[in-house]
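So the chains spell out like this:
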Number of protein chains: 2
Amino acid sequence: MPDIYQELIKLAEGDMYPFHMPGHKRNLQSTPLKGAFRCDITEIDGFDNLHDEKGIILEAEKRANRLYGADETFFLVNGSTSGVLSAVSAAAPEGGNILAARGSHKSFYHAAYLRNLEIEYLEPRMIGAYGIFDSYNAEDVKRAIGNVRVKPDAVFITSPTYEGKCSDIEGIAKVCHDEGIILIVDEAHGSHFGFGDGLPESAVKCGADIVIHSLHKTLPAMTQTALIHVQGDLVDKALLKRFLRIYQSSSPSYVLMSSIDLCMKEMQDKRKEFSERLTGYRKKILDETRGCSILKVPDLSELEDPAKVLIYADTDQMTGQQLYDILREDYLLQLEMAGEHYALAIITGWDTEEGIDRLIKAVCEIDECLQKKPGAKVDAIEKRYSIPKREMSLQKAWDSEHETVSLNMAEGRISGDFINLYPPGIPLVVPGEIIGGDLIKDIERYLAENLNVQGIFEVENSENKGIIDISKRGIICVKQK
Amino acid sequence: MPDIYQELIKLAEGDMYPFHMPGHKRNLQSTPLKGAFRCDITEIDGFDNLHDEKGIILEAEKRANRLYGADETFFLVNGSTSGVLSAVSAAAPEGGNILAARGSHKSFYHAAYLRNLEIEYLEPRMIGAYGIFDSYNAEDVKRAIGNVRVKPDAVFITSPTYEGKCSDIEGIAKVCHDEGIILIVDEAHGSHFGFGDGLPESAVKCGADIVIHSLHKTLPAMTQTALIHVQGDLVDKALLKRFLRIYQSSSPSYVLMSSIDLCMKEMQDKRKEFSERLTGYRKKILDETRGCSILKVPDLSELEDPAKVLIYADTDQMTGQQLYDILREDYLLQLEMAGEHYALAIITGWDTEEGIDRLIKAVCEIDECLQKKPGAKVDAIEKRYSIPKREMSLQKAWDSEHETVSLNMAEGRISGDFINLYPPGIPLVVPGEIIGGDLIKDIERYLAENLNVQGIFEVENSENKGIIDISKRGIICVKQK
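Residues numbered from 1 in each chain as written. Chains lettered and ligands numbered in written order. Predicted model: local features only at pLDDT ≥ 70, side-chain atom pairs only at ≥ 80, totals over all residues. Heavy atoms only, no water.

### Things to note about the overall build of chain A
Link 1 in the chain: The helix and strand tally for chain A stands at 14 helices and 21 strands.
Link 2 in the chain: With respect to the principal axes defined by its C-alpha atoms, chain A has extents near 70 × 60 × 50 Å.
Link 3 in the chain: Looking at chain A residue by residue over its 481 residues, the buried ones come to 62%.
Link 4 in the chain: In the form shown here, chain A has an accessible surface area of approximately 18,000 Å², with 47% of it arising from carbon and sulfur atoms.
Link 5 in the chain: The average position of the 55 basic charges and that of the 76 acidic charges among the side chains of chain A differ by 1 Å. (Helix = DSSP H or I, 4+ residues; strand = E, 2+ residues; numbered from the N terminus. Buried < 20%, exposed > 50% of the residue type's maximum accessible area, 1.4 Å probe, protein only. Areas by Shrake-Rupley, 256 points an atom, 1.4 Å probe, with all protein chains shown as cover. Lys, Arg positive; Asp, Glu negative; His and termini not counted. Charge placed at Lys NZ, Arg CZ, Asp CG, Glu CD.)

As structure tokens, then:
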């Protein structure tokens, strides 16, 4: 069975002349992006239609499906974003209820906004040392379902997290299914799960009803490609397909689709080789940085996903951002992100031995440097995270008339927009929630620490050596009558 | 100022090692799609962020903006689909009102569904000879605004149509603005407008508030790339940006974005050359097929967009599909689509002289063949198109419980899904509308003519030489209590 790419190349090498879209007519004179244009077509005869697949796209989706083993698998060309929007929209009716972790991806909040859902949250818990969200087990979810006012239509869990924490999806699925509740797992960061020894099991195998995979994050597929898997009887599959049609382009890119297909074929053939290389790289990094005394790489017992290498700087002499900057500027190593006290690297089976060695060498050298400097360990303050009280639905509050209110005047007001702390990307407040005095103090502290708090506007330039004048910082509130 | 592509190549040729997404690590061993992988990155330092652009993406958007001249221009990586969803969502509040042409793209209906809008329609009018929707003038829109129950929040016009009909956007914009109504123009098929002599003026220049351009349709950009332009004071630009963030991947493809940027730079430098080649090709086709007596190519006075070459078979001996199939199978010319009596070719400035000559030769030869056969002219029946009465909102009906009802029992029932006739892609009925006896007769006739009616299900295989047993065909209706 030829793959999509082989069919595209056959077309490119044949004599069929294109009197159809795209406008570049596969004319390679018209771009330096020659390889991409060569395979870039529209839905012509023989090339199927993503939104009503019956031919080569359906075959490719079935190949992907066989790798993961759900009932059905669909290609996504608008990223996991379109998968999360579709999953949530299909799982909960307009005005329905959903239970989720607070640290969910923004597409989750967007879906809840579009469907006017009422969100209840799992109790947020953080791993104090690293300042990242912890995972959930079956008991956490059971307790939360018992505590909510209205039985949720769906539970939404992100596993692994950005930093590699995995929840007990099998246990959570059982709890959900006992209550007839749909379990959606945003496994965007775990497309490689289940592909070999040393990798966690995939949420599909653990029984989640809908699972979303960002292929580009850890597998060899182009950015913006993803998969959505569905199984069991709880999800209305026709409704899921409706939303996939709504949230994705009616002109999906064949370059992106063939990249998904090539990735799946490669994983079919080489997933063992891939996972051995990945886990081998991870082990090598752990082994060779074990001697470091200030920089620490948590092992798989702490962060279960081997693709995530968190490099923690246990010293008040260096922030995560500084570590990230040194790796980038002095060692030409571009990491994925920086946290308050850590920098995060993503490794996959397509890294090179040379790249891994450069990372190890850099970490050891920086650690040696840090040892020579005087410094104290980071205070392992247990981070608290409390969710503000909701006064109005997300949709109503975000759609209301707004006004900018200075931070020192905002206590008790209803938020009209999101305020997010990056990293790790936690919404401090969601539209419709009440802004409390504690939250204002937290924001003030984050601003003084020069952290990135999105949703705060400078009313006037008032920065002065870390002293923040909150009367000069504004936030969006629902307008008072 | 370097473009996005140049920056990507600089990165690819440099020594910076990627410990970030995508998982392929720009490792060209991992794919035959080498050119694409080489430039495929995520939002790393120096590469900006589509959803909060401040650097090279903002610069690229400004380049695009200068070409069209709106207040602001945004890149779209989820096609015009995401542009239409965002435009409609930003222009009308939840539960608002919109006035539109019936033949609008499905993303328009999807947006109306998501925002629970009440849709009023412009009076549908068809060009009888070709069986395609006609364009609109200012008077049509003025009359419609005067006739509707509630003043619409926005007017939504598709111009050019798929087949190349252009509406009087300047006049319509004046009518809308006199009433304080937002005008959205779906100019997906007209990204090349305004780029030279012989091309219609762009809707941006004509004063529309929001204009959506599918770059890939007629310009040298990859499939799934598009632009949205906004201008004037009627549209809440922050709200538009909110919806662009909602409906598009949070991992947008740099390959797609650099393709948009390269396309814009090329049009900046060569739009005159491009438009001269396009209009020259169009003239050549018209001139050299003028002698045909059965196949006819309407000129620019009938279909104003030179990129659309409609080849009309004025004979009962050949359907549009047959013409399309002969061109494809005997001449290796792949056209864009087939209508009842025509086939439609798209030409652009990137066609080759050789390709255009092959099309002309094919049309002349087929015409010669047809002359030798006995046949009658097509009856130029004036097609009527009436819009069914609405009983329930689109959102409510599509979200209701449904049941499949056989066509002969469906009269008077409320439709639970779309029924579309392809081509030209007209919704015969929209969820919430009442299925009338005339509509059932029309569908029966379309099925007998073997046309593609989407949304009709075969209850049992009952095809028998064109005799359609409508008791064996089912449609989705809102479930009766």
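### Brief notes about the sheet that holds strand β15 (residues 342-346) of chain A
Pairing between the strands of a sheet comes from backbone hydrogen bonds, and it takes one of two forms, parallel or antiparallel.
Residues and elements named next belong to chain A.
Link 1 in the chain: Ordered in space as β11-β12-β15-β14, the four strands form an open sheet in which the pairing is antiparallel. Edge positions in the sheet fall to β11 (295-296) and β14 (337-338), since each of these pairs with one other strand and no more.
Link 2 in the chain: Bridge analysis of β11 against strand β12 (residues 308-313) gives two bridges, and the strand direction is antiparallel. By the bridge assignment for β12, L295 is matched with A313. (Pairing = 2+ DSSP bridges.)

### What to know about the side chain of E187 of chain B
Link 1 in the chain: Tracing the backbone shows E187 of chain B in the loop between β8 (182-186) and β9 (210-214).
Link 2 in the chain: Excluding anything up to four places from it in sequence, E187 of chain B contacts S159, P160, F193, E201, S202, A203, V211, I212, H213 and S214 of chain B. (Contact = heavy atoms within 4.5 Å.)

### Looking at the relation of the copies chain B and chain A
Link 1 in the chain: Rotating chain B by 180 degrees and moving it 0.0 Å along the rotation axis overlays it on chain A with an RMSD of 0.0 Å. The superposition operator between the copies reduces to a two-fold rotation axis. Closest to the rotation axis within chain B is the C-alpha of G35 of chain B, separated from it by 2.4 Å.
Link 2 in the chain: Comparing interface residues between copies, 100% of those in chain B also sit at the interface in chain A, which points to an isologous, same-surface contact. (Least-squares fit on C-alpha atoms with pLDDT ≥ 70 in both.)

### Remarks on the environment of D45 of chain B
Link 1 in the chain: Note that D45 of chain B resides in the loop between α2 (34-38) and α3 (56-68).
Link 2 in the chain: By relative accessible area, which is 28% here, D45 of chain B ends up partly exposed.
Link 3 in the chain: Ignoring sequence-local partners within four residues, the contact set of D45 of chain B consists of Y324, R328 and Q334 of chain A.
Link 4 in the chain: There is a polar contact of 2.3 Å between the side chain of D45 of chain B and the side chain of Y324 of chain A.
Link 5 in the chain: Within polar-contact distance, the side chain of D45 of chain B engages the side chain of Q334 of chain A at 2.9 Å. (Polar contact = N/O pair within 3.5 Å; in protein donor to acceptor, adjacent residues only side chain to side chain.)

### Side note on the packing of aromatic side chains
Link 1 in the chain: Enumeration according to the criterion identifies 25 aromatic pairs over all chains in this entry.
Link 2 in the chain: Here the aromatic rings of Y17 of chain A and F19 of chain A are separated by 4.7 Å at their centres, their planes lie at 50 degrees, and the arrangement is tilted.
Link 3 in the chain: Ring centres of F47 of chain B and Y254 of chain B lie 6.3 Å apart, and the angle between their planes is 85 degrees; this geometry places the pair in the edge-to-face category. Here F47 of chain B is found in the loop between α2 and α3, whereas its partner Y254 of chain B is found in helix α10 (residues 254-289), with 207 residues between them in sequence.
Link 4 in the chain: Between the NZ or CZ atom of R242 of chain B and the centre of the ring of W398 of chain A, over which it lies, the distance is 4.0 Å. (Phe/Tyr/Trp six-rings, centres within 6.5 Å; stacked < 30°, edge-to-face > 60°. Lys NZ or Arg CZ within 6 Å of the ring centre and 35° of its normal.)

### What about the interface of chain B and chain A?
Link 1 in the chain: Taken together, the 89 residues of chain B in the interface contact 89 residues of chain A.
Link 2 in the chain: For the pair chain B and chain A, the summed buried area comes to about 7,600 Å², and 57% of that belongs to carbon and sulfur atoms.
Link 3 in the chain: Looking at the side of chain B facing chain A, the largest losses of area belong to Y17, F19 and M21 of chain B, adding up to 11% of the total buried there.
Link 4 in the chain: For the salt bridge of R115 of chain B with D399 of chain A, the shortest nitrogen-to-oxygen distance reads 3.4 Å.
Link 5 in the chain: Seen at the junction of chain B and chain A, the total is 60 residue pairs in polar contact (both at pLDDT 80 or more).
Link 6 in the chain: Ranked by residue count, the leading element in the side of chain B that touches chain A is α10 of chain B, at six residues.
Link 7 in the chain: Considered class by class, the residues forming the side of chain B that touches chain A number 42 nonpolar, 30 polar and 17 charged. (Buried area = accessible area lost by both parts, 1.4 Å probe. Salt bridge = Lys/Arg side-chain N within 4 Å of Asp/Glu carboxyl O. Nonpolar A, V, L, I, M, F, W, Y, C, P; charged D, E, K, R; others polar.)

### Let's talk about helix α3 (residues 56-68) of chain A
Residue and element names in this part refer to chain A.
Link 1 in the chain: The end-to-end C-alpha separation of α3 is 19 Å, in line with the 18 Å expected for 13 residues at 1.5 Å each.
Link 2 in the chain: Along α3, the positions that sit buried rather than exposed are I56, I57, A60, E61, R63, A64, N65, L67 and Y68.
Link 3 in the chain: Positive phi appears at G69, one or two residues downstream of α3, with a value of about 85 degrees. (Expected span 1.5 Å × (residues − 1).)

### Overview of the packing of helix α1 (residues 4-13) of chain B against α10 of chain B
Residues and elements named next belong to chain B.
Link 1 in the chain: Contact geometry for α1 and α10: axes closest at 8 Å, N-to-C directions at 130 degrees. Considered as vectors, α1 and α10 are oriented oblique to each other. Residue-level contacts link I4, Y5, Q6 and L8 of α1 to Y254, M257, S258, D261, L262 and K265 of α10.
Link 2 in the chain: Its residues placed into classes, the contact of α1 with α10 shows six nonpolar, two polar and two charged. (Axes fitted to C-alpha atoms, helices over the stretch in contact; angles between N-to-C directions. Parallel < 35°, antiparallel > 145°, perpendicular 65-115°, else oblique.)

### Some words on the pairing of strand β8 (residues 182-186) of chain A
All names here are of chain A.
Link 1 in the chain: The buried fraction of β8 amounts to five of the five residues, a majority that puts the element mostly inside the structure.
Link 2 in the chain: Burial along β8 is two-sided: the face carrying I182, I184 and D186 and the face carrying L183 and V185 are both buried.
Link 3 in the chain: Sheet topology places strand β7 (residues 154-158) next to β8; five bridges connect them, and they run parallel. When the sheet's bridge partners are listed, A154 is paired in β8 with I182.
Link 4 in the chain: Tracing the backbone out of β7, into helix α7 (residues 169-178) and back to the parallel element β8 gives a crossover that is right-handed. (Right-handed = clockwise from strand over helix to strand, strands pointing away.)

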